[in-house]
Amino acid sequence: MILRSHRSAPSRHRLPAAILTVVASAPALAGTPAPLYHLVTLDAPGGSAIAAHDINDAGQVVGRYLDAGFNGRAALWDADGALHDLALPGLGDGEADAINNAGQIVGAFNDYQNPQAGLLWDPGVSPQPLVLTADAGAFVAPLDIGDGGEVVGGYGQPAQERAFVWTAATGLVDYGLQDANMQFQQARWSAVNASGVLVGHWNQHSSNVHAIIGQVGSASVQSMSSMTEAFASIATAVNDGGVAVGLGLAAAAPELVPVVFAADGSYSEIAGATLDQDNGCAAAINAAGVIVGSAGIGTASGCVPGLKAWVLRDGTVYDLYDVVDDHGPFTSFQIGRAINAGGVIVGSGLTADHETLSFRLVPIAGDPVFADGFDG
């Protein structure tokens, strides 16, 4: 739908070293330090394939799991770990993709008879979701929700996705494409910040992807920079300071790697964030500039679970699996998917049975409960 697999970009796209610079204060790659995070497993009794997608500043987590009948369930975990199934508009598969600090949640529903519908849950108003639809035959794929209730993502006909913003005042507004004259171009927003800055990407096919930027209230899609138009890039997240992260073509090899976007839209590689892999992505950044992501994403053209998960904090990149106080049922972490203002990370990994499971990582420093590596 939004993230697609492709072969690695051909060598002709390789960037000259003079064009792409590594992050100025190059992060160090950590060895094996003392635990930095307390591991909490996100449970769904009787469920499987548990995937955490987002966390707000209150510690509420949203995502998806499969129930005993292998139906996709949209899920909300409270800060204490209590699980709530979110209501769906009918029989079918659902998922929750993002939550804002007001507790509003967006996701999607598919009954496999009609185009995928977007959903907006507002617990303060009703347990039932508001169904977000577009033109007849068009799917709606919300990917983020701002603290003001702005829902952003992509919608349209198959292989004809266009960026949109929905608000209670305007309904779904078509923000269009970066270049409407380019055959087979698609576009979608990945994220929105408190100032209404929008980031995402356009693509023509799975290997021709380019970061975009916009502003809520201005119905258009803009290139992030001449650099992002020249080279493969995707903006996945933006913090309230306007700093965006994602992935971009590396200077030294035809690989997509984690990047930070500068104010002028150019990007720099996050040194060390591929760990011992060839590629990776940055999935999220909080207000303090702490970044999380994945390494070893193979030929994926988006920010997907890889072979490892990482965090960049205090100028150092850490393999998340190396800095937790307990591994619990996990044999590996695949991605740090989201991070809140308190530095709490959610993501997913694999068990010994190759089952997908999700985690919440709570920073240990400054919390006396975890000072001695408490693992209750």
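Residues numbered from 1 in each chain as written. Predicted model: local features only at pLDDT ≥ 70, side-chain atom pairs only at ≥ 80, totals over all residues. Heavy atoms only, no water.

## Focus on unusual backbone geometry
Turning to step 1, where the next piece is worked out: In this structure, Tyr 112 takes a positive phi of about 65° despite not being glycine.
Turning to step 2, where the next piece is worked out: Position of Tyr 112 relative to the elements: it lies in the loop between β8 (105–110) and β9 (117–122).
Turning to step 3, where the next piece is worked out: Residue classification places Tyr 112 among the exposed residues on the basis of a relative accessible area of 59%.
Turning to step 4, where the next piece is worked out: The backbone of Asp 314 shows a phi angle near 55°, a positive value even though the residue is not glycine.
Turning to step 5, where the next piece is worked out: Relative to the helices and strands, Asp 314 resides in the loop between β25 (308–313) and β26 (316–319).
Turning to step 6, where the next piece is worked out: The class for Asp 314 is exposed, based on a relative accessible area of 72%. (Helix = DSSP H or I, 4+ residues; strand = E, 2+ residues; numbered from the N terminus. Buried < 20%, exposed > 50% of the residue type's maximum accessible area, 1.4 Å probe, protein only.)

## With respect to the side chain of Gln 186
Turning to step 1, where the next piece is worked out: Along the chain, Gln 186 turns up in strand β15 (residues 186–192).
Turning to step 2, where the next piece is worked out: A residue is classified by how much of its surface remains accessible, and Gln 186, at 6% relative accessible area, is buried.
Turning to step 3, where the next piece is worked out: A polar contact is formed between the side chain of Gln 186 and the backbone nitrogen of Glu 161, at a distance of 3.1 Å. (Polar contact = N/O pair within 3.5 Å; in protein donor to acceptor, adjacent residues only side chain to side chain.)

## Details of the confidence of the model for the protein chain
Turning to step 1, where the next piece is worked out: Put simply, the protein chain has an average pLDDT of 89, and 89% of its residues get 70 or more.
Turning to step 2, where the next piece is worked out: The low-confidence segment residues 1–25, where pLDDT is below 50, has 68 contacts with residues more than four positions distant or belonging to other chains.
Turning to step 3, where the next piece is worked out: Ignoring residues within four places in sequence, the model shows residues 367–371, a span with pLDDT below 50, making 6 contacts including any to other chains. (pLDDT = per-residue confidence, 0-100. Contact = heavy atoms within 4.5 Å.)

## A look at the pairing of strand β24 (residues 291–295)
Turning to step 1, where the next piece is worked out: Counting buried positions over the 5 residues of β24 gives 5, a clear majority of the element.
Turning to step 2, where the next piece is worked out: Burial along β24 is two-sided: the face carrying Ile 291, Gly 293 and Ala 295 and the face carrying Val 292 and Ser 294 are both buried.
Turning to step 3, where the next piece is worked out: In the sheet, strand β23 (residues 280–285) pairs with β24 via 5 bridges, with the strands oriented antiparallel. Each residue of the ladder has a partner; that of Ile 285, found in β24, is Ile 291.
Turning to step 4, where the next piece is worked out: A loop of 5 residues connects β23 with β24, the two strands running antiparallel in sequence, and Gly 289 in this loop sits at a positive phi of about 85°.
Turning to step 5, where the next piece is worked out: In terms of strand pairing, β24 meets β25 through 5 bridges, oriented antiparallel. Bridged to Ile 291 within β25 is Leu 312. (Pairing = 2+ DSSP bridges.)

## Considering the sheet that holds strand β4 (residues 61–66)
Turning to step 1, where the next piece is worked out: Taking strand neighbours across the sheet as the criterion, the 4 strands line up as β3-β4-β5-β6 in an open arrangement whose pairing is antiparallel. With partners counted over all chains shown, the strands left at the sheet margins are β3 (48–55) and β6 (83–85), one partner each. For this sheet, the mean inter-axis angle between neighbouring strands, taken without regard to orientation, is 30°. (Axes fitted to C-alpha atoms, helices over the stretch in contact; angles between N-to-C directions.)

## A short note on the packing of aromatic side chains
Given two aromatic rings, one states the distance between the centres and the angle between the planes to describe the pair.
Turning to step 1, where the next piece is worked out: A full pass over the atoms with the stated rule returns 7 aromatic pairs.
Turning to step 2, where the next piece is worked out: With a centroid separation of 6.1 Å and an interplanar angle of 70°, the aromatic rings of Phe 261 and Tyr 267 are classed as edge-to-face. Judged on exposure class, the residue Phe 261 and its partner Tyr 267 are both buried.
Turning to step 3, where the next piece is worked out: Each member of the aromatic cluster is reached from another via a ring pair, and the members are Tyr 321, Phe 330, Phe 333 and Phe 359. (Phe/Tyr/Trp six-rings, centres within 6.5 Å; stacked < 30°, edge-to-face > 60°.)

## Some words on the sheet that holds strand β19 (residues 233–238)
Turning to step 1, where the next piece is worked out: In spatial order, the strands read β19-β20-β21-β22; together these 4 strands make up an open sheet with antiparallel pairing. Bordering the open sheet on either side are β19 and β22 (267–269), each of which pairs with just one other strand. Neighbouring strand axes in the sheet, compared pairwise and without regard to direction, differ in orientation by 35° on average.

## Observations concerning the state of the cysteines
Turning to step 1, where the next piece is worked out: Here the structure, examined in full by the defined rule, presents 1 disulfide.
Turning to step 2, where the next piece is worked out: Disulfide partner of Cys 281: Cys 303, at an S-S distance of 2.0 Å. Since a negative S-S torsion denotes a left-handed disulfide, the Cys 281-Cys 303 link at about 70° is right-handed. Pair noted here: Cys 281 is in strand β23 and Cys 303 is in the loop between β24 and β25, with a separation of 22 residues, a long-range link. (Disulfide = S-S within 2.5 Å.)

## Quick look at the pattern of salt bridges
Turning to step 1, where the next piece is worked out: As enumerated under the stated definition, the model contains 6 salt bridges in all.
Turning to step 2, where the next piece is worked out: The partner of Arg 188 in a salt bridge is Glu 161, with the nearest N and O atoms 3.0 Å apart. You can see Arg 188 sitting in strand β15 and its partner Glu 161 sitting in strand β13 (residues 160–167), a full 27 residues away along the chain.
Turning to step 3, where the next piece is worked out: With a relative accessible area of 0%, Arg 188 lands in the buried category.
Turning to step 4, where the next piece is worked out: Taking the relative accessible area as the measure of exposure, Glu 161 reaches 0% and is therefore buried.
Turning to step 5, where the next piece is worked out: One connected set of salt bridges, linked through shared partners, spans Asp 276, Lys 308 and Asp 319. (Salt bridge = Lys/Arg side-chain N within 4 Å of Asp/Glu carboxyl O.)

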